[in-house]
Every structure is written in C-alpha cells, then in structure tokens.
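Listed here are the chains, written in short residue letters.
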Amino acid sequence: MEFKDVIRRRRMVRHYTDKPIAPETVERILASALRAPSAGFSQGWAFLALTEPADRARFWPFVPTRMAQTPTMQLAPLVVIPLAHKAAYLARYAQPDKGWEDQAEARWPAPYWHIDTGMASLMMLLSAVDEGLSACFFGIMPQQGPDFDAVTEVPKHTDALRAEFGIPAEYTPIGGICIGYRAPDTPAQGAHVAERRRGTADVIHRGQWGVHAE
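Residues numbered from 1 in each chain as written. Predicted model: local features only at pLDDT ≥ 70, side-chain atom pairs only at ≥ 80, totals over all residues. Heavy atoms only, no water.

Undergrad: Residue-level account of unusual backbone geometry, with values.
TA: Even without being a glycine, Phe 41 presents a positive backbone phi close to 50 degrees. Here Phe 41 lies in the loop between α2 (23-32) and β1 (45-50). In the Ramachandran plot, Gln 43 falls in the positive-phi region, its phi being about 55 degrees despite a non-glycine side chain. Examined against the element boundaries, Gln 43 turns out to sit in the loop between α2 and β1. (Helix = DSSP H or I, 4+ residues; strand = E, 2+ residues; numbered from the N terminus.)

Structure, rendered in structure tokens:
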C-alpha cells in the first residue's frame with residue numbers, strides 16, 4: 001500500500017470481527033514499534049501483547065467504558081498495552097555524553113517517555129493499516145476518589161492492571177491498542193466528522209503565528 005494511502009485510511013475503528021490475524025502479521029506490527037524515534041535513543045518503552053483469548057478477557061474489565069459503549073472491540077484478536085519507562089530516560093540523560101549530572105525530572109521540558117511511547121504506538125496503528133487491518137488507540141482512564149493517588153498522580157487502578165499481568169511498577173500504561181479486521185457492518189463515519197476536521201489553513205502557521213497560506 002502506498003504510504004499516502006495508509007495515512008488517508010487510518011481511522012480509530014471500534015467494531016471488529018473475531019477473524020484471527022496471521023502470526024507473522026502480528027509480529028510485523030509489533031516490530032514496527034521499535035522503529036519509532038526516542039530521545040537519546042533511550043527506548044524507554046515496552047509493549048504487552050495479548051493474543052490469547054483468555055489474556056484479552058482478563059484485560060477488558062480494566063476498561064469498562066469500552067466494554068459498555070463499544071463491546072465489539074473485544075472481538076479484536078490483538079490487544080497491545082504500550083508502557084512508558086520514565087526511569088530509562090532519566091538514567092540515559094545522566095550519562096556523560098548527555099552532560100546532565102543528575103536524574104532530575106525538572107530538566108525535561110516535556111515527558112518524552114510518554115511522547116516516544118505514543119509515537120511507537122502510532123507506528124503500530126499505521127502498520128496495521130498497511131497490513132489491511134484496522135486499529136484503535138484508547139485510554140485506560142484514571143479513576144477519581146479512593147482509586148486516585150493525589151500525591152503520585154498515578155491512578156491506583158493501574159496497580160491492579162500491573163498485578164494482573166505482572167507489569168513492573170516503573171512501567172506506566174499509556175493506553176491500549178486493539179487491532180483486527182473491521183466488522184462489515186461498521187457504521188459509516190458521520191458527516192459531522194468531516195465538518196469538524198480542521199484543515200491545514202487552520203492549524204499551520206507560516207513564519208509567524210496567525211499567518212496562514214492564502
């Protein structure tokens with residue numbers, strides 16, 4: 001598939017069949033994540049791939065909104081949980097070639113561990129389209145009240161997710177990705193989406209903020 005077609009066809013699809021994905025296709029999609037850029041080549045990421053039905057069944061209760069609103073997402077035969085590893089970045093930039101003498105998080109202008117893991121996730125989304133599949137990135141939403149730790153700003157319910165799958169505490173789930181074959185009766189994209197889509201003239205500023213192409 002031409003790259004321009006991959007870009008054009010990428011959508012967040014929420015309705016799937018249970019048709020299996022060939023193992024070699026799964027491996028190509030997963031491997032594509034490793035080609036994403038990362039600050040300092042820190043590669044502070046990991047990916048939990050759930051290909052067995054029993055493992056996916058253990059995962060979906062952690063995203064009850066998705067189960068309730070779009071239950072056919074559960075039919076997707078591949079679920080990937082991208083995990084960000086902040087400590088890898090702090091340690092990498094404390095090495096001599098980077099010049100920082102400590103691992104202070106305040107030095108970072110943005111949480112690149114999340115940004116890079118997000119870019120790796122996009123590589124998988126695009127690779128899925130290139131393989132003739134559909135995909136959706138979705139959030140594992142933080143809970144408020146007793147399930148939220150205001151000191152660490154970490155949703156406590158992710159501790160249960162980590163415990164369920166043996167994920168080390170230093171790895172943070174940034175969301176989930178489901179990948180599979182789009183259901184033939186998937187609703188067409190509503191006209192309101194096209195109406196809301198912002199064009200390049202709205203979002204690209206040229207040389208100075210507020211200057212757009214004529």
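Undergrad: Requested: an account of the environment of Val 80, with residues and values cited.
TA: Along the polypeptide, Val 80 turns up in strand β2 (residues 78-84). Taking the C-alpha atoms as reference points, Val 80 and Thr 51, 29 residues apart in sequence, are found 8.7 Å from one another. With residues up to four places along the chain from it excluded, the contact list for Val 80 reads Leu 30, Phe 47, Leu 48, Met 124, Gly 175, Gly 176 and Ile 177. (Contact = heavy atoms within 4.5 Å.)

Undergrad: Explain the pattern of salt bridges to me, and be specific about the residues and the numbers.
TA: With the rule as written, the count across this model stands at six salt bridges. The salt bridge partner of Arg 162 is Asp 159, with a shortest N-O separation of 3.1 Å. In this pair, Arg 162 and Asp 159 are both assigned in helix α7 (residues 157-165), three residues apart and thus about one turn of the helix distant. Arg 162 sits in the buried class, given a relative accessible area of 7%. Among the charged side chains, a network of salt bridges with common partners joins Asp 55, Arg 58 and Glu 164. (Salt bridge = Lys/Arg side-chain N within 4 Å of Asp/Glu carboxyl O. Buried < 20%, exposed > 50% of the residue type's maximum accessible area, 1.4 Å probe, protein only.)

Undergrad: Which residues make up the nonpolar core, and what are the values?
TA: Counting residues in hydrophobic clusters, the biggest one holds 20 residues, and the most contacted among them are Phe 59, Trp 60 and Cys 178. At the level of secondary structure, the elements contributing two or more residues to this core comprise β2, β3 (134-138) and α7. By residue number, the principal contributor to this core is β2, which donates three residues. Other than its neighbours up to four places away in sequence, Cys 178 contacts Tyr 16, Trp 60, Met 73, Ala 76, Leu 78, Val 79, Ser 134, Ala 135, Cys 136 and Phe 138. Counting residues in hydrophobic clusters, the runner-up holds 17 residues, among them Ile 21, Met 124, Ile 177 and Ile 179. (Core = buried A, V, L, I, M, F, W, Y, C linked by side-chain atoms within 4.5 Å.)

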